[in-house]
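# Structural features, examined
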Amino acid sequence: MVGELVAAGVALASAGTVYLMAAARVVKQYERGVVLRLGRLTSSVRGPGFTMIIPAVDRMRKVNMQIVTMPVPAQEGITRDNVTVRVDAVVYFKVIDAADAIVEVEDYRFAVSQMAQTSLRSIIGKSELDDLLSNREKLNQGLELMMDSPAIGWGVSVDRVEIKDVSLPETMKRSMARQAEATRDRRARVINADAELQASRKLAEAAAAMSDQPAALQLRLLQTVVAVAAEKNSTLVLPFPVELLRFLERSGLHAEAQTVQAEAEAARARAQQPASGDAAPPPTPAQPPAPVENGHVSDALPALEDLPEAERLG
């Protein structure tokens, strides 16, 4: 009798242990447990820790509540300005309602992946190439809004969508490279022209200052000579002052004007002489040149007694 009781107790303990092992569940901190009792969703979602279910009646599915990083395969499309591109992205999402993620959609990961691909193709067709390359923040926000609206009904929240890479055809890459090169060339020319304009203004101010002080030009010439001589050159080039050329030019024009004036006075004097029938006055003998005293021509001629005697020839 006692043996039978012991055997029954052992059998009961064994059954209890098996039942406990079958009913015990452990939910991790980042998980939630959704229990379906005879196919019907129970009212409560099991939190993290140790929990019990009814074996063969309840079925518990664990849902990961962490943020999931899902890459979106590269999608090929045509932009609004008729350029063929391949764009890939990455989606960050998490489950906010474990019950809806199990009940409302068959596989929420696959659903989010397909929705991300269709949304990416849609955003490619609505955008231009420049927006895909330089205005990605706006496109990322548009993708997030397009995906978050239907995902809320599945108990999923899209945290962020990022466009990773935009692949362009080789012909388009070469065209963009030429465009960028032309833009840089134009910018360099504008900067060079601006520098020339500023330099010309400074040179004009320097010329105005030197015109007030002519000695400044000579000092600048000496500084240039010193700078050139410091290079240890075997040939030294001395610039010829432009002011000297202008002085020589003015001197030549003044001499030419004096010559023309003298010729005009001689012609006027010949025109005032008497006609050829009248007796011409005897020519006056040539007189020696007037002496010069202290830089002025003296009108008084030397006397005959003061002249030296001529040496006799023979």
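Structure's up top.
Below is a short write-up of the structure. (Residues numbered from 1 in each chain as written. Predicted model: local features only at pLDDT ≥ 70, side-chain atom pairs only at ≥ 80, totals over all residues. Heavy atoms only, no water.)

Quick look at the side chain of Arg 46 now. Tracing the backbone shows Arg 46 in strand β3 (residues 40-46). Salt bridges are absent for the buried Arg 46, whose nearest opposite-charge side chain, Asp 58, sits at 4.9 Å. Separated by 2.8 Å, the side chain of Arg 46 and the backbone oxygen of Met 52 make a polar contact. Residues in contact with Arg 46, not counting those within four places in the same chain, are Val 27, Arg 32, Gly 33, Val 35, Arg 37, Thr 51, Met 52, Ile 53 and Met 60. (Helix = DSSP H or I, 4+ residues; strand = E, 2+ residues; numbered from the N terminus. Buried < 20%, exposed > 50% of the residue type's maximum accessible area, 1.4 Å probe, protein only. Lys, Arg positive; Asp, Glu negative; His and termini not counted. Salt bridge = Lys/Arg side-chain N within 4 Å of Asp/Glu carboxyl O. Polar contact = N/O pair within 3.5 Å; in protein donor to acceptor, adjacent residues only side chain to side chain. Contact = heavy atoms within 4.5 Å.)

The next point concerns unusual backbone geometry. A positive phi angle, near 55°, is found at Leu 38, a position not held by glycine. As for its position among the elements, Leu 38 is in the loop between β2 (31-37) and β3. A relative accessible area of 69% places Leu 38 in the exposed class. The phi angle at Asn 82 is positive, at roughly 60°, despite the residue not being glycine.

Turning our eyes to something else, we now look at the nonpolar core. Val 85, Val 87, Val 91, Phe 93, Tyr 108, Leu 120 and Met 147 are the most contacted members of the largest nonpolar core, which totals 36 residues. Where this core is concerned, the elements lending two or more residues are β6 (68-78), β7 (84-95), α2 (98-103), α3 (108-126), α4 (129-134), α5 (136-152) and β8 (156-167). When residues of this core are assigned to their parent elements, the largest contribution, eight residues, is made by α3. The residues touching Met 147, leaving out its near neighbours within four places in the chain, are Val 91, Val 112, Met 115, Ala 116, Ser 119, Val 158 and Val 161. (Core = buried A, V, L, I, M, F, W, Y, C linked by side-chain atoms within 4.5 Å.)

α5 packs onto α3 with a crossing angle of 140° between their chain directions and a minimal axis gap of 10 Å. As judged from the angle between their axes, α3 and α5 are oblique. The two elements α3 and α5 cross, and the hand of that crossing is right-handed. Side by side, α3 and α5 meet where Val 112, Met 115, Ala 116, Ser 119, Leu 120, Ser 122 and Ile 123 of the first sit next to Leu 139, Leu 143, Met 146, Met 147, Pro 150 and Ala 151 of the second. (Axes fitted to C-alpha atoms, helices over the stretch in contact; angles between N-to-C directions. Parallel < 35°, antiparallel > 145°, perpendicular 65-115°, else oblique. Left-handed = near helix turned anticlockwise from the far one by under 90°.)

Looking now at the sheet that holds β2. Taken in spatial order, the three strands of this open sheet run β3-β2-β5, and their pairing is antiparallel. Across the chains shown, the open sheet's two edge strands, defined by having one partner strand only, are β3 and β5 (58-64). When strand polarity is set aside, the average angle formed by the axes of neighbouring strands in this sheet is 25°. Bridge analysis of β2 against β5 gives seven bridges, and the strand direction is antiparallel. When the bridges of β5 are listed, Arg 37 appears paired with Asp 58. (Pairing = 2+ DSSP bridges.)

A few words now on the pattern of salt bridges. Applying the stated rule across the entire model yields seven salt bridges. A salt bridge links Glu 162 to Arg 160; its shortest N-O distance comes to 3.4 Å. We classify Arg 160 as partly exposed; its relative accessible area is 34%. Within this structure, Asp 159, Arg 160 and Glu 162 form a network of salt bridges that share partners.

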